[in-house]
Amino acid sequence: MRADASRNRERIVTAAREALVEHGPDMPLDEIARRAGVGNATLYRNFADRRDLIRTVTLSVMDRVAARAEGLLDEEPDAFEALRHFTHQAADERVGALCSLLSGAFDRDEPELLAVRDRLTRAVEALVDRAQAAGQVRPDVGAGDLMLALSQLTRPLPGTACVDIDHFVHRHLQVFLDGLRAPAASVLPGSAATLEALRRPS
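Notes on the structure in this doc start here. Starting afresh in each chain, residues are numbered from 1 along the sequence in its written order. Given that the model is predicted, a residue must reach a pLDDT of at least 70 before its local features are reported, and side-chain atom pairs must reach 80 or more before they are shown or counted; all residues, however, enter totals for whole chains, interfaces and linings. For the side-chain quantities, the full set of heavy atoms in the structure was used; hydrogens and water were omitted.

1. Remarks on the nonpolar core
Membership of the largest hydrophobic core comes to 56 residues, with the highest contact counts inside it found for I32, L53, F86, L146 and L150. By the criteria applied, helices consist of DSSP H or I runs no shorter than four residues and strands consist of E runs no shorter than two, each listed in order from the N terminus. Contributions of two or more residues to this core are made by α1 (3-23), α2 (29-36), α4 (50-75), α5 (79-92), α6 (111-133), α7 (143-153) and α8 (166-180). Should any heavy atoms of two residues lie within 4.5 Å, those residues are counted as being in contact. Dropping the residues within four chain positions of it, L146 is found in contact with L83, F86, T87, V124, V128, F176 and L180. Among the buried residues, those of types Ala, Val, Leu, Ile, Met, Phe, Trp, Tyr and Cys that are joined through side-chain atoms within 4.5 Å form a nonpolar core. We call a residue buried when its accessible area falls under 20% of the maximum for its residue type, exposed when it is over 50%, and partly exposed in between, using a 1.4 Å probe and counting protein chains only.

2. Brief notes about the packing of aromatic side chains
In this description, a pair of aromatic rings is defined by centroid distance and the angle of the planes. Pairs were defined over the aromatic rings of Phe, Tyr and Trp, the Trp ring being its six-membered one, requiring ring centres within 6.5 Å. Orientation was assigned from the angle between planes: stacked under 30 degrees, edge-to-face over 60, tilted for the rest. Counted under the stated rule, the structure contains 0 aromatic pairs. Residue placement shows R181 over the ring face of F80; its charged tip is 3.7 Å from the ring centre. When the NZ atom of lysine or the CZ atom of arginine is within 6 Å of a ring's centre and also within 35 degrees of its normal, the charge is said to sit over that ring.

3. A closer look at the pattern of salt bridges
Here, a salt bridge means any Lys or Arg side-chain nitrogen found within 4 Å of an Asp or Glu carboxyl oxygen. Using the criterion set out here, one finds 13 salt bridges in the structure. Residue E112 is joined to R55 by a salt bridge in which the shortest nitrogen-to-oxygen separation is 2.6 Å. Placement of E112 in helix α6 and of R55 in helix α4 is noted, with a sequence separation of 57 residues between them. For E112, a relative accessible area of 45% translates into the label partly exposed. Three or more residues are tied together by salt bridges with common partners; here these are R17, R64, R68 and E93.

4. Points about α5
The end-to-end C-alpha distance of α5 is 20 Å, a good match for the 20 Å that 14 residues give at a rise of 1.5 Å each. Burial in α5 covers these residues: A79, F80, A82, L83, F86, T87, H88, A90 and A91. A side-chain oxygen of the first residue of α5 lies 3.1 Å from the backbone nitrogen of F80; this N-cap is D78. One or two positions beyond α5, positive phi appears at R94, with a value near 65 degrees. To estimate how far a helix should extend, the number of its residues minus one is multiplied by 1.5 Å. N or O atoms closer than or at 3.5 Å make up a polar contact, with two conditions inside protein: a donor-capable atom paired with an acceptor-capable one, and, for residues adjacent in sequence, both atoms drawn from side chains.

5. Some thoughts on the packing of α5 against α6
In the contact formed by α5 and α6, the axes pass within 8 Å of each other and the chain directions differ by 145 degrees. As α5 runs across α6, the sense of the crossing is left-handed. Taken together, the residues of α6 that come into contact with α5 (itself represented by A79, F80, A82, L83 and F86) are V124, L127, V128, R130 and A131. Of the residues contributing to the contact of α5 with α6, the split by class is 9 nonpolar, no polar and 1 charged. Only C-alpha atoms enter the line fits that serve as axes; for helices the fit covers just the stretch in contact. Angles between N-to-C directions range over 0 to 180 degrees. What makes a crossing left-handed is the near helix being turned counterclockwise from the far one by less than a right angle; a clockwise turn instead makes it right-handed. Polarity classes work like this: nonpolar for Ala, Val, Leu, Ile, Met, Phe, Trp, Tyr, Cys and Pro, charged for Asp, Glu, Lys and Arg, and polar for all others, with Gly in that last group.

6. A look at unusual backbone geometry
Cis geometry marks the peptide bond from A182 to P183; its omega dihedral reads 0 degrees. Locating P183 in the fold gives a position in the loop between α8 and α9 (195-199). Located in the positive-phi region is R94, a residue other than glycine, with phi close to 65 degrees. Its place among the elements puts R94 in the loop between α5 and α6. According to the relative accessible area criterion, R94 is buried, its value standing at 14%.

7. Re the environment of A36
The residue A36 is located in helix α2 in this model. The exposure class of A36 is buried, given its relative accessible area of 5%. For the pair A36 and E10, spaced 26 residues apart in sequence, the C-alpha separation works out to 8.7 Å. Residue contacts for A36: discarding those within four places in its chain leaves R11, I12 and A15.

Below, the structure written as structure tokens:
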């Protein structure tokens, strides 16, 4: 792929990642092309249809978020600091775009998607498990609780015009992280959410 074509493709993926967070899988493709600074024809030369674009964005986000988690497991000796950094970094990587995985927008059992999803699952579970083993995170939460909260706190409320929420995201994530700390200040209702449970069809 020529350098200019590669740059155009990356711009489209970046614009679509932002639009997925804001609009979900029904994001307007014309708006994505406009944000990427390319014409509609360029978008369709790179992606056959909406499903192909959503699949590519989902793979990209999962790969980048997994890499962040793995890097912190290797480089940050303090378990809670690793979890804290991951939470904020995952927000910056637009982890809220992963809601498309739950939308039925494409085949979730595709081998490439399963491989990167499992890589992300292992890394996030390792971050949570390590912090719990160190006595820094309350024992009644799971990796699913973390990822669900991340998704909810990094996307605008449905039906609102509040798309520029970045000013508040990291503030609210820090409040959430304070609630994860051990010892717990309250008893949580229900049971800890696992990433496996979040993937089961309702």
